[in-house]
Amino acid sequence: MNNKKINILTVENIHLSFALPVLRGVSLNLDEGEIVSVVGPSGCGKSTLLRCIAGLQQIDKGNISIRGIDVTHVPAYKRSVSMVFQDGQLFPHMNVAKNIAFPMRKISSKEKRQRVRELLELVDLSGFEKRGIDTLSGGQASRVALARSLARGGDVLLCDEPLAALDVALRMSLSLSIRKIVKNAGASCVYVTHDGEEAKRVGDKVVRMDEGVLHPMQLK
Ligand code: ADP
Ligand code: MG
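Quantities reported herein were computed from a predicted structural model and do not represent experimental measurements. (Residues numbered from 1 in each chain as written. Chains lettered and ligands numbered in written order. Predicted model: local features only at pLDDT ≥ 70, side-chain atom pairs only at ≥ 80, totals over all residues. Heavy atoms only, no water.)

Draft legend 1. Structural detail: the overall build of the protein chain. Looking only at helices and strands, the protein chain features six helices and ten strands. A compact globule built from 220 residues would reach a C-alpha radius of gyration of about 17 Å, and the protein chain, at 17 Å, matches this within 12%. By its C-alpha atoms, the protein chain is 45 × 45 × 40 Å across when sized along the principal axes. Across the 220 residues of the protein chain, 48% fall into the buried class. As presented, the protein chain carries roughly 11200 Å² of accessible surface, and 51% of it is formed by carbon and sulfur atoms. Placing the 31 positive and 23 negative side-chain charges of the protein chain at their respective mean positions leaves the two points 5 Å apart. (Helix = DSSP H or I, 4+ residues; strand = E, 2+ residues; numbered from the N terminus. Rg over C-alpha atoms; globule rule 2.2 N^0.38 Å. Buried < 20%, exposed > 50% of the residue type's maximum accessible area, 1.4 Å probe, protein only. Areas by Shrake-Rupley, 256 points an atom, 1.4 Å probe, with all protein chains shown as cover. Lys, Arg positive; Asp, Glu negative; His and termini not counted. Charge placed at Lys NZ, Arg CZ, Asp CG, Glu CD.)

Draft legend 2. Broad picture of unusual backbone geometry. In this structure, Arg-67 takes a positive phi of about 50 degrees despite not being glycine. Counting through the fold element by element, Arg-67 comes out in the loop between strand 4 (61-66) and strand 5 (69-70). The phi angle at Glu-211 is positive, at roughly 45 degrees, despite the residue not being glycine. Inspection of the secondary structure assignment puts Glu-211 in the loop between strand 9 (205-210) and strand 10 (213-219). Overall, the relative accessible area of 59% leaves Glu-211 in the exposed class.

Draft legend 3. Highlighting the sheet that holds strand 1 (residues 7-17). Strand order in the open sheet made by the four strands is 2-1-4-5, with antiparallel pairing throughout. Only two strands of the sheet have a single neighbouring strand rather than two, namely strand 2 (21-31) and strand 5. Of the pairings in the sheet, the one linking strand 1 to strand 2 comprises eight bridges and is antiparallel in character. Residue pairing across strands places Ile-14 opposite Val-26, the latter belonging to strand 2. (Pairing = 2+ DSSP bridges.)

Draft legend 4. Examining the site of ligand 1 more closely. Near ligand 1 you find Phe-18, Val-22, Pro-41, Ser-42, Gly-43, Cys-44, Gly-45, Lys-46, Ser-47 and Thr-48, and these make up its full shell. Between ligand 1 and the protein, one listed contact pairs an oxygen atom with a backbone N or O atom of Gly-43 at 2.7 Å. Contacts to ligand 1 include Thr-48, whose side-chain N or O atom sits 2.5 Å from an oxygen atom. Alone, ligand 1 offers 560 Å² of accessible surface; in the complex the protein occludes 54% of this. Here the shell around ligand 1 gets three residues from one element, more than from any other, and that element is helix 1 (residues 46-54). Here the shell around ligand 1 is built from residues that sort into four nonpolar, five polar and one charged. (Near = heavy atom within 4 Å. Polar contact = N/O pair within 3.5 Å; in protein donor to acceptor, adjacent residues only side chain to side chain. Nonpolar A, V, L, I, M, F, W, Y, C, P; charged D, E, K, R; others polar.)

Take a look at the structure:
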């Protein structure tokens, strides 16, 4: 067993202001296969941090690197990052299989079908290929959204409150499934939530965000 940690993502002292400062010197490290949860109240800057990592938002100051390569000025489409949003953002006019296969590129349809089957198995939705998005429950839709993000297969998986629309009981059980799915996929993940319990259930580590500042890592 090789215990050497491989650094996947480094966020160094990033700052961003709109009318007011939103990120005020945020630093974060993510190792390969690790899940770091970021927990904080609404409006503290969690989504903005993820958007900066994904390259959807330029930062004023600081650096972001992925696998040791500075991507601070690299556009979103060239970053090896995938994101799961709060509302899932599944394409309503495509079935489950087409949604999951959407980010896959340059592979044959046979390989795509096989990969979709594997991903559906991973999220415990085997046989759901042909189902319409409007026939899924909230929990099933969250898992399809996660499968679609894993299908992209980037270095960093960013989850922006993927369970926020669900009720507390479902959120609690699904947060454990999400942890298992992400671990089984071997993904490295920054997981954002406003719910402290969910943060602990999903993450290997939990960091707290407060008004644009991340507080030092607390081990679980
Ligand atoms: P969270 O995800 O923690 O709820 P956000 O990152 O969405 O918080 O927002 C943090 C703050 O930044 C909020 O005050 C929000 O209004 C502000 N903000 C986010 N994006 C923009 C933007 N594009 N323009 C102006 N203000 C923004
Ligand atoms: Mg948010």
